Amino acid sequence: MAGDVPAAVAALMTEYVHAIDDDRLEDWPGFFTDPCLYRIATRDNEERGLPASLVYCDSRAMLLDRVVSVRHANVFEPHRYRHMTSAIRILDRDGAEFRTRSNYLVTRTMRDGTMAVFSTGAYRDVIVVEDGTARFRERVVVCDHGMINNLIAIPI
Amino acid sequence: MPETDTLIDWPEEGVARAPYAVFSDPAIYAAEMRRIFRGPVWHYLGLEAELPEPGCYRLIDVGDTPVIVLRTPDGGINALVNRCAHKGTMLLFEPFGRIERLMCIYHNWSYDLDGCLRSVPFARGINGKGGMPASFDMAENGLDRLRVESLGGVVFGTFSEETPPLEAYIGERLMPNYRRMTQRPFKVLGYYSQYLDSNWKLYFENATDPYHATILHAWATRLKLNRFTMEGAIEMSERGWHHLSWSKMATDRDGEVYETEAFRSGGGDFDEFGLHDPSVIEQWDEFGDGITTAIQTAFPNFVLQQIHNTIATRYLVPRGPAGSELVWTVLGYADDDDRQTGIRLKQGNLIGPSGYISLEDGMVGSLVQKGIEGDKDKASVMEMAGRSVESIVNSRASECGVRGFWTAYRELMGV
Ligand SMILES: [Fe+2]
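Thresholds, definitions, all that
- Residues numbered from 1 in each chain as written.
- Chains lettered and ligands numbered in written order.
- Predicted model: local features only at pLDDT ≥ 70, side-chain atom pairs only at ≥ 80, totals over all residues.
- Heavy atoms only, no water.
- Helix = DSSP H or I, 4+ residues; strand = E, 2+ residues; numbered from the N terminus.
- Rg over C-alpha atoms; globule rule 2.2 N^0.38 Å.
- Contact = heavy atoms within 4.5 Å.
- Areas by Shrake-Rupley, 256 points an atom, 1.4 Å probe, with all protein chains shown as cover.
- Lys, Arg positive; Asp, Glu negative; His and termini not counted.
- Charge placed at Lys NZ, Arg CZ, Asp CG, Glu CD.
- Phe/Tyr/Trp six-rings, centres within 6.5 Å; stacked < 30°, edge-to-face > 60°.
- Buried < 20%, exposed > 50% of the residue type's maximum accessible area, 1.4 Å probe, protein only.
- Lys NZ or Arg CZ within 6 Å of the ring centre and 35° of its normal.
- Buried area = accessible area lost by both parts, 1.4 Å probe.
- Salt bridge = Lys/Arg side-chain N within 4 Å of Asp/Glu carboxyl O.
- Polar contact = N/O pair within 3.5 Å; in protein donor to acceptor, adjacent residues only side chain to side chain.
- Nonpolar A, V, L, I, M, F, W, Y, C, P; charged D, E, K, R; others polar.
- Donors = N, O, S within 2.8 Å, 3.2 Å for Na, K, Ca; no water.
- Tetrahedral: all angles 85-135°; square planar, octahedral: opposite > 155°, others 65-115°.
- Pairing = 2+ DSSP bridges.
- Axes fitted to C-alpha atoms, helices over the stretch in contact; angles between N-to-C directions.
- Domains from an automatic or database assignment.

J.: Got a minute to help me understand the overall build of chain B in this structure?
T.: In terms of helices and strands, chain B carries 11 helices and 20 strands. Compactness check: chain B gives a C-alpha radius of gyration of 23 Å against a globular reference of 22 Å for 415 residues, within 12% of the reference. Judged by the C-alpha coordinates and their principal axes, chain B covers about 90 × 55 × 35 Å. When contacts within chain B are restricted to residue pairs at least 6 apart in sequence, those whose partners lie at least 24 apart make up 66%. Entry remark: accessible area of chain B is about 16,700 Å², with carbon and sulfur atoms responsible for 51%. Taken as two groups, the 40 positive and 58 negative side-chain charges of chain B have centres that lie 4 Å from each other.

Shown next, in the form of structure tokens:
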């Protein structure tokens, strides 16, 4: 354990999930540095050293393109997420840069009221704090499951 | 097949119709498992690249049947049903691994890599009592085996003695693209799958249906990555069972029809659609022929795809009448350089459950499944370019690929 969780880091984690769950996807790229790395990966692929991702963005503009596509191009049955996050662990700290791990669970609720656990896994993050504001330099979402229920349109 | 007549009444329009009942009837599903999945078809079993050394294995579900695909000590490939001959227990459950023999955890019956039963604990009993009777024949209690053929690094298997050789099954018309995509050894970049709330055939109809592609997948159409106005074709195998759809993005003519006809996938409500970071579609001419999309299928459930520089296999596992699992293997070639691998990984955004181009494909099947539930006596209509399974050149405005699927289906099901 490399120390307590700084307030700025905790705030980033919290604001991130609220932005997604409140459908403020336009705010989502702002949680990252530019350039950055956002990936959705599976635990099996990661453990076997296989590099393919479900989502791979390495700039804020690419994150924005995901949002634009969700809003204006892709079609799917509307749904909402609710994120539960816990167990933030600081793996190490290098000045204002923190490597962290935390757990997540996301439920997905469809417009007909059907609700189910949609995804669970770990966030593997590299977070930088500048002027009191924390941002993700890297956020790798490692899903425990290699099977996705139907599709992932909204980021985790 | 005497039981066939009662199974379903097929509409007189033939393969230009698919009765809704085939997507949800449990009796039809059970018949499909026997007549199609155990019938004269080749099933995708994986890649040679997944079995680099003797004893390396992977698991795969062929219809309802769990199968072990493994590399033998002499370099061959065996496909064995993953089920102990004693009680029916699954022998292996880690999806990939390496073994020297197969031993059931339940009573430790063990088999060699050819599936021959080699030992049964306490076969001679204890203190001369109990044990197996003299009539018990080890040779009769081996594992069930599939016939296996490997072509271009892709491994296929079949349960039937009647299945023609693999190359003949794919057919002369479609072998050129198969060779084009399998001429270099593959490298696996990763795996994922999608659970779909729809009958397996609804996804496979989608995979054999280029008609939807430039209409449903607005992302690629707006970016002019795929339009019907590009040079392209749908080529059908000799018997019509399998299809290949291809297009060349650099050859678009009169593509503005998507805007003038006000398709949702055209400019539509969002004229300025574009990429803030175009690196996601950075690409090279993969095979030097200008073809940017090539989707090839093999009945009943296999897809070999090139979408720009994403190379992948897909296969479907039926999970009961109203569910299916679509399994993706994301590929590159063993001789790719780092830049090419990097481009493939970034273009990975286009495919799979989060794919800009593919995320709608699984979803539409569930919309159909819900839509048809209450009217099992009705049927879907597929008359684009007529009712035949003829290939179409310089156009993809045809549903011949889907009709080809139903041609094979009716033949094997006897309906
Ligand atoms: Fe599609």
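J.: Whenever I open this one, the packing of aromatic side chains confuses me. Can you help?
T.: Pairs of aromatic rings are described using the distance from one ring centre to the other and the angle between the two planes. Applying the stated rule across the entire model yields 32 aromatic pairs over all chains. Measuring from centroid to centroid gives 5.8 Å for Trp28 of chain A and Phe32 of chain A, while their planes differ by 80°, and the two rings are edge-to-face. By relative accessible area, Phe32 of chain A is classed as buried at 0%. When the ring of Phe23 of chain B is compared with that of Trp406 of chain B, the centres are 5.7 Å apart and the planes differ by 85°; the resulting orientation is edge-to-face. Linking Phe23 of chain B in the loop between strand E1 (17-19) and helix H2 (26-37) with Trp406 of chain B in helix H11 (residues 400-413), this pair joins segments that are 383 residues apart in sequence. Here a set of aromatic residues connected by ring pairs shows up, and it is made of Trp10, Phe23, Phe37, Tyr169, Trp200, Phe204, Trp241, Phe299, Phe405, Trp406 and Tyr409 of chain B. Above the ring of Trp241 of chain B, the side-chain terminus of Arg239 of chain B is found at 4.0 Å from the ring centroid.

J.: Help me understand the interface of chain A and chain B, please; the structure alone is not making it clear to me.
T.: Reports of interface size often rely on the accessible area that becomes lost once the parts have come together. Counting residues at the interface gives 33 residues for chain A, matched by 41 residues for chain B. Carbon and sulfur atoms supply 54% of the area buried between chain A and chain B, which totals about 3,300 Å² over both sides. Looking at the side of chain A facing chain B, the largest losses of area belong to His72, Val75 and Asn150 of chain A, adding up to 17% of the total buried there. Put simply, chain A and chain B have two salt bridges between them. Residue Lys370 of chain B pairs with Glu77 of chain A through a salt bridge whose shortest N-O separation is 2.8 Å. In this structure, the connection of chain A to chain B is made through 23 residue pairs in polar contact (both at pLDDT 80 or more). Looking at the side of chain A that touches chain B, the elements with two or more residues in it are strand E2 (55-57), helix H3 (60-72) and strand E7 (147-149) of chain A. Among the elements that make up the side of chain A that touches chain B, the one with the highest residue count is H3 of chain A (eight residues). Of the residues contributing to the side of chain A that touches chain B, the split by class is 18 nonpolar, 10 polar and five charged.

J.: Explain the coordination of the iron ion here, please?
T.: The textbook angles at a metal center are 109.5 degrees for a tetrahedron of four donors and 90 or 180 degrees for an octahedron of six. All names here are of chain B. For the iron ion, the full set of protein donor atoms is His212 (NE2), His217 (NE2), Asp361 (OD) and Asp361 (OD), and the range of their distances to it is 2.0 to 2.6 Å. Relative to the metal, the four donor atoms surrounding the iron ion lie at angles of 54 to 144°, and the coordination shape comes out irregular. Site description for the iron ion: donor spacing in sequence, H-x4-H-x143-D. Taking the relative accessible area as the measure of exposure, His212 reaches 15% and is therefore buried.

J.: What am I meant to see in the sheet that holds strand E1 (residues 32-42) of chain A here?
T.: Residues and elements named next belong to chain A. The strand order E2-E1-E6-E5-E4-E3 describes an open sheet built from six strands, whose pairing is mixed. Where the open sheet ends on each side, the last strands, each with one partner, are E2 and strand E3 (79-94). Ignoring strand direction, the axes of neighbouring strands in this sheet form an average angle of 20°. Here 13 bridges tie strand E4 (residues 97-110) to strand E5 (residues 115-130), and the two strands are oriented antiparallel to one another. Bridging from a neighbouring strand, Phe98 pairs with Ile127 of E5.

J.: Can you help me understand the pattern of salt bridges in this one?
T.: Side-chain pairs of opposite charge can arise where the charged atoms are in close proximity. Taken as a whole and assessed by the stated rule, the structure comprises 34 salt bridges over all chains. As a salt-bridge pair, Asp92 of chain A and Arg99 of chain A come within 3.0 Å of each other at their nearest N and O atoms. A relative accessible area of 38% places Arg99 of chain A in the partly exposed class. A salt bridge links Glu167 of chain B to Arg179 of chain B; its shortest N-O distance comes to 3.1 Å.

J.: It is not clear to me how the sheet that holds strand E7 (residues 102-103) of chain B should be interpreted in this structure. Could you clarify?
T.: Consider a sheet: its strands pair through backbone hydrogen bonds, and that pairing is either parallel or antiparallel. Strand order across the open sheet formed by three strands is E7-E8-E9 (chain B), with antiparallel pairing between neighbours. Taken across any chain shown, the strands that pair with only one partner, and hence form the sheet edges, are E7 and strand E9 (117-119) of chain B.

J.: Looking at this model, I keep getting lost on the side chain of Asn199 of chain B. Mind explaining?
T.: Residues and elements named next belong to chain B. Topologically, Asn199 is positioned in the loop between strand E12 (186-196) and helix H5 (200-207). On the basis of relative accessibility, which here comes to 1%, the residue Asn199 falls in the buried class. With sequence-adjacent residues up to four places away left out, Asn199 is seen in contact with Val22, Phe23, Ser24, Pro321, Ala322, Gly323, Ser324 and Gln369.

J.: Is there a simple way to think about the domain arrangement of chain B in this case?
T.: Residue and element names in this part refer to chain B. Looking at chain B, the domain boundaries give domain 1 (43-150) and domain 2 (171-413). Spacing between the C-alpha centres of domain 1 and domain 2 amounts to 36 Å. Each partner contributes to the interface: domain 1 provides 11 residues, whereas domain 2 provides 13 residues. Interface of domain 1 and domain 2: buried area, both sides summed, is about 950 Å²; carbon and sulfur atoms make up 63% of it. Among the salt bridges present, the one from Asp61 reaches Arg319, with a minimum N-O distance of 3.1 Å.

J.: Where do I start with helix H4 (residues 175-182) of chain B in this structure?
T.: Note: α-helices contain 3.6 residues per turn, so residues at a spacing of three or four share the same orientation. Of all the eight residues making up H4 of chain B, six are buried; the element is thus mostly covered by neighbouring parts of the structure. If you check which residues of H4 of chain B are buried, you get Met175, Asn177, Tyr178, Arg180, Met181 and Thr182 of chain B.

J.: Would you take a moment to explain the pairing of strand E16 (residues 302-307) of chain B for this structure?
T.: One face of the sheet, then the other: side chains in a regular strand alternate in exactly this way. Residue and element names in this part refer to chain B. Burial analysis of E16 places six of its six residues in the buried class, which makes it a mostly covered element. Side chains Phe302, Leu304 and Gln306 project from E16 onto one buried face, and the interleaved Val303, Gln305 and Ile307 project onto a second face that is buried too. Where strand E15 (residues 293-298) and E16 come together, six bridges link them in antiparallel fashion. Counted as the bridge partner of Thr293 is Ile307 from E16.

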